[in-house]
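What the coordinates show
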Amino acid sequence: MSEMKEMIVNVVEKIFKDKVDKEKVDVVEEGKWAEDVWQVLQDNEMLAVAVSEENGGAGGDLDDLLNLYRLIGKYAVPIPFVETTFANVLLEKTGLNVTQEKATYAVEEQLNVSIDNGTVSGTIVNVPWARYVDELVVVAAGTSGLELVQVSLKDAAISPNMNLACEPRDTVTLVHAPVQQQTKITNEQLEYFIALESAAKSAAMSGAIDKAYELTVRYTKEREQFGRPIHRFQLVQQHLANLAGEAVITSSAIDNMIASIAQKCLQNEVAYTRIRIEEAAKIVAASAHQVHAAIGVTHEHSLHQYTRRLWSWREEGAGEAYWTKQLANRLMEVEDDSLWGYLTRTEKVFQL
Amino acid sequence: MFSLPTVQFTDEQEQFRLEVRAFLQEHLAKGTFKTKCDSWLSGSDPAFSKLIGEQGWIGLTWPKKYGGQERSTIDRYILTEEFLAVGAPVAAHWFADRQTGPLLMRFGTEEQREFFLPKIVKGECYFGIGLSEPNSGSDLASVKTRAEKVDGGWIINGSKTWTSNAHDAHYAVTLIRTEPLGEKKHDGLSQLIIDLHAEGVTIVPIKYLTGEHHFNEVFFDNVFVPDNMVVGTLGNGWKQGLAELAFERSGPERILSTFPLLDELIAGLKRQGDAAGMKEASKVLSRLWGLRNLSIGVAKVLEEGGEVAIPAALVKSIGTKFEQSIPEITRLLVRTYPRLEAERRIDRFMAESTLHAPGFTIRGGTSEVLYGMVAKGVVGQ
Ligand SMILES: Cc1cc2nc3c(=O)[nH]c(=O)nc-3n(C[C@H](O)[C@H](O)[C@H](O)COP(=O)(O)OP(=O)(O)OC[C@H]3O[C@@H](n4cnc5c(N)ncnc54)[C@H](O)[C@@H]3O)c2cc1C
């Protein structure tokens, strides 16, 4: 990371440390809106980090944004930061105007949304934060192929729902909602957006993994049983070693994935990262809870704010099932006896 | 190694299983209850417990003079399996049926048996388990809650924590220091039955990570407990408690807490005609079978009064890991979106299983502590 990028990450981390504590996350999970967190990010121009300067943004890159997404997981930040910034990435990458409003998105294969005569119709489930935001960027099927469209959520019926972490995941129903802006996209573009979105979720998950690891290390120093801190027991040490391994593999996977994305070329980094992080999430959540024992399954403790996010986020967007299918197809094309060649190839196959 | 008996069910037992199953299916259809994962600990429903009591299905193995049916341990095993397989809400009477009854039968006075057992059998009297304290979890023998002798009884001061369902329970069997802590921390501990509605008892809810009210902190401020509520021998509480553990650790509830999810997974794969997924899922059945053999074998030995502490610890440590694996296996075979309020059963069972899974390998003694016991046991053999 360049110094500039490190500075951005540090500033934001400091904001989250100050503004987002356990109680704040609790309150939002009960259905309130954290205006102060939103406001401070807006004031610091963090909402436009990845938007180019000519479009009124801060001129950062996707890699800055992905690094910030790690912090969203690490502090369980309860506002639609990922959603708004990612919606703007979609808009900007397709040449549409970025929005200054709070926004969310729905990019998936087989979305049941259609566009016809300047209006959009369809029902989309699990739209993050829909009830709190103004704009929705969504992939719709047009008469001659896919379109990326922006609609106002004022023109939608929203029924609230949530994921395991009590984050808003709403059902949005559009009935001839007027299009704000639209543009054609190719199937390849959609695949690329799906990959980026998956990368974003991986980054957020890695932050939650980091935090679960940190909390666990700290707890083993504080908690005593049989007259000694529990980190002295070998079976607890085994948990700590496993957690450390998962945390470092996760974090370096994300670093490598972000580096590839920054170079605008990818091989299978997004796929490998996501598959590996889902595995790490399982191991880390289980071990962190096991070491915390009873105190860790109480609502009063903060551990669950990270583990419930891991259990939720791993089911969102393109996950293991999607990527193993892609990988399998690619591996079917590998010439006989050349797996090693395939793995060590430096030529990147997908240009972004 | 340990050898455990194999159990062949008799025709009468098969018949009994079908009878229980038909009853539960009927009530499921009627909406008396809703299938839930982890229902034996988190599904407390006093009305349902009373219904089960009316059937004669609480205290099934106990003597008739206390309201029991004098049926075999294997019959009880069958009954319990059927409850768990449909995720019936049996938590309210669970501890009284599984632990308190057998404890009183073994160590209790005739007066205690006559007073408590008939009420338990009716599904009207529930018990909590008051062992853990804030600073005494795995190191249970370090408990500090103490009793001072007074005329006709004891005065209790201190607190217990993580007491599951104390808010629905009438009494708790507690592990209390009746002599000041001496050289050996395992000495001077006694088992006392405390009336949870007595003066000086305060029950403070502890919210589970889902926000649900599951367990509690129970405070004792000069609570009077009469002499006749001491169970067994004064100062022998540790040993008596250990005897309970084999019952506590080896039952089908250490294998089947997430069975409703497995059931739904197999049904889903079948509907989708997903042969490859079914092939993966089929491996799970062989693990389940292996564990069930062990668990039933332990039940059989327990009935005959044999020693099974080590195999019981193995059922719990391997079984609870198995239960935890079901949501992890499911999510890789079918697409689910876990949500506690979901309409799709598989999504709801995924949510219940995932959110409750961390507790499986903690409650009733952590896996780490059990591994230590097993290792000591096999080395000592
Ligand atoms: C859902 C649930 C319901 C419960 N219900 C009840 C109830 O009704 N009544 C009741 O009395 N209690 C209940 N408990 C408490 C339970 O018995 C304790 O949580 C358990 O004994 C562990 O104690 P602890 O939580 O204090 O963890 P600790 O003992 O502090 O353990 C923390 C970690 O250190 C490890 N550790 C500790 N000592 C050692 C060692 N010597 N070697 C290796 N590792 C070690 C543990 O395995 C664990 O990973 C419940 C717990 C849960 C989660």
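Rules used in this analysis
Residue indices follow the written sequence of each chain, beginning from 1 at its first position. Chain labels run from A onward and ligand labels from 1 onward, assigned in the order the entries are written. Residues qualify for local features only when their pLDDT is at least 70, as the model is predicted, and side-chain atom pairs are given and counted only at 80 or more; totals for whole chains, interfaces and linings, by contrast, use all residues. In computing side-chain values, all of the structure's heavy atoms are included and hydrogens and water are not. UniProt positions are given in the numbering used here, feature names are shortened, and annotations may be inferred rather than shown by experiment. Secondary structure counts use DSSP, requiring at least four H or I residues in a row for a helix and at least two E residues in a row for a strand, with both numbered from the N terminus. The reference for a compact globule is 2.2 Å times residues^0.38; the radius of gyration itself is calculated from the C-alpha atoms. When a residue's accessible area, from a 1.4 Å probe over protein chains only, is under 20% of the maximum for its type it is buried; when over 50% it is exposed; and in between it is partly exposed. Residues count as neighbours in contact if any of their non-hydrogen atoms are within 4.5 Å of one another. An automatic or database domain assignment supplies the start and end points of every domain. Accessible-area loss on putting two parts together, using a 1.4 Å probe and summing over both, is the definition of buried area adopted here. Only one rule defines a salt bridge in this text: a Lys or Arg side-chain nitrogen within 4 Å of an Asp or Glu carboxyl oxygen. By the criterion applied in these results, polar contacts are pairs of N or O atoms within 3.5 Å in which, for protein atoms, one can donate a hydrogen and the other can accept it, and in which residues neighboring in sequence qualify only through two side-chain atoms. Only protein atoms enter the 1 Å grid used here, on which a cavity is any set of points holding a 1.4 Å probe that cannot leave and a pocket is any open set flanked by protein within 12 Å on both sides along at least five of seven lines; residues with an atom within 4 Å of a point are listed as lining. Grid points are joined across faces, edges and corners, and a volume is the space filled by probe spheres set on the points. Only Asp, Glu, Lys and Arg are considered charged in this grouping, and only Ala, Val, Leu, Ile, Met, Phe, Trp, Tyr, Cys and Pro are considered nonpolar; every other residue, Gly among them, is considered polar. The rule is short: rings of Phe, Tyr and Trp, with Trp giving its six-membered ring, pair when the centres are within 6.5 Å, and they are stacked under 30 degrees, edge-to-face over 60, tilted in between. Counting as a charge over the ring demands two things of the Lys NZ or Arg CZ atom: a distance within 6 Å of the ring centre and an angle within 35 degrees of the ring normal. Proximity criterion: a residue is near a molecule or strand once any of its heavy atoms comes within 4 Å of it. Here the accessible surface of atoms and residues is derived via Shrake-Rupley with a 1.4 Å probe, and residues count as covered only by protein chains that are part of the display. Buried Ala, Val, Leu, Ile, Met, Phe, Trp, Tyr and Cys residues that are joined via side-chain atoms within 4.5 Å together make up what is termed a nonpolar core.

An unreviewed UniProt entry annotates chain B as Acyl-CoA dehydrogenase originating from Peribacillus asahii. Heading Cofactor (unreviewed entry) of the UniProt record for chain B holds this comment: "FAD".

In the nomenclature of an unreviewed UniProt entry, chain A corresponds to Acyl-CoA dehydrogenase from the organism Peribacillus asahii. In the Sequence similarities (unreviewed entry) part of its UniProt record, chain A is described as follows: "Belongs to the acyl-CoA dehydrogenase family." Heading Cofactor (unreviewed entry) of the UniProt record for chain A holds this comment: "FAD".

Below, the discussion takes up the overall build of chain A. A count of helical and extended segments in chain A gives 11 helices and 11 strands. By the compact-globule yardstick of 20 Å for 352 residues, chain A fits well, its C-alpha radius of gyration being 21 Å. Taken along the three principal axes of its C-alpha coordinates, chain A extends 75 × 55 × 40 Å. Burial statistics for chain A: of 352 residues in total, 59% are counted as buried. Long-range pairs, those at least 24 residues apart, make up 71% of the contacts in chain A between residues at least 6 apart in sequence.

Turning our attention to the domain arrangement of chain A. Residues and elements named next belong to chain A. The domains assigned to chain A are domain 1 (3-185) and domain 2 (189-344). Contact residues are listed per partner, giving 34 residues for domain 1 and 37 residues for domain 2. Regarding the contact of domain 1 and domain 2, the summed buried area is about 3100 Å², with carbon and sulfur atoms giving 62% of it. By the criterion of area lost to domain 2, the three top residues of domain 1 are Leu66, Arg70 and Lys74, representing 21% of everything that side buries. Taken together, the connections running from domain 1 to domain 2 amount to six salt bridges. Taken together, the connections running from domain 1 to domain 2 amount to 16 residue pairs in polar contact (both at pLDDT 80 or more). Residue assignment for the side of domain 1 that touches domain 2 shows that the elements contributing at least two residues are α2 (22-29), α4 (62-74), α5 (81-93) and β7 (169-184). Top contributing element to the side of domain 1 that touches domain 2 by residue count: α4, with nine residues.

The next point concerns empty space enclosed by the protein. All names here are of chain A. Scanning all chains against the criterion turns up three cavities of 30 Å³ or more. For the largest cavity, the calculated volume is near 110 Å³. If you trace the largest cavity, you find it lined by Ile72, Val77, Ile79, Val82, Glu83, Trp129, Glu167, Arg169, Ala200, Lys201, Ala204 and Trp313. Counting only elements with at least two residues in the lining of the largest cavity, the list comes to α5 and α6 (187-222). Looking at the lining of the largest cavity, its residues break down into eight nonpolar, no polar and four charged. Looking at which domains feed residues into the lining of the largest cavity, each of domain 1 (3-185) and domain 2 (189-344) supplies at least three.

What follows is about the packing of aromatic side chains. What the rule picks out here adds up to 20 aromatic pairs over all chains. Centroid distance Phe115 of chain B to Phe116 of chain B: 4.8 Å. Interplanar angle 85 degrees. Geometry classified as edge-to-face. Note on Phe116 of chain B: relative accessible area 0%, which makes it buried. Three or more aromatic residues joined by ring pairs make a cluster, and in this case those are Trp33, Trp38, Trp129 and Tyr132 of chain A. Over the ring of Phe9 of chain B we find Arg17 of chain B; its NZ or CZ atom is 5.2 Å from the centre of that ring. Sitting over the face of the ring of Phe16 of chain B, Arg71 of chain B holds its NZ or CZ atom 4.3 Å from the ring centroid.

As a matter of local geometry, the ligand sits amid 25 residues, with Arg223 and Gln290 of chain A together with Ile129, Ser138 and Thr366 of chain B nearest to it. More than one chain reaches the ligand: its neighbouring residues belong to chains A and B. Backbone polar atom of Ile129 of chain B to a nitrogen atom of the ligand: 2.7 Å apart, as the coordinates give it. One of the side-chain N or O atoms of Ser164 of chain B is found 2.8 Å from a nitrogen atom in the ligand. When isolated, the ligand has an accessible area of 980 Å², and the protein chains bury 91% of it. Secondary structure elements with two or more residues in the shell around the ligand: α8 (269-292) of chain A together with β7 (213-226) of chain B. Of the residues that constitute the shell around the ligand, the class distribution is 12 nonpolar, 10 polar and three charged.

Residue and element names in this part refer to chain A. Membership of the largest hydrophobic core comes to 104 residues, with the highest contact counts inside it found for Phe16, Tyr69, Phe81, Ile124, Leu136, Leu174 and Ile261. For this core, the leading source of residues is α6, giving 15 residues. Looking at which domains feed residues into this core, each of domain 1 (3-185) and domain 2 (189-344) gives three or more. In this view, Leu136 contacts Thr104, Tyr105, Ala106, Ile124, Val127, Val149, Gln150, Val151, Leu153, Val172 and Leu174; residues no more than four positions away in its chain are not counted.

Let us look at the UniProt feature "domain: Acyl-CoA dehydrogenase/oxidase N-terminal" (unreviewed entry) in chain A. Mapped onto the present numbering, the UniProt feature "domain: Acyl-CoA dehydrogenase/oxidase N-terminal" (unreviewed entry) falls on residues 3-78 of chain A. The annotated region residues 3-78 of chain A carries 62% helix and 0% strand content, and the separation between its end C-alpha atoms amounts to 28 Å.

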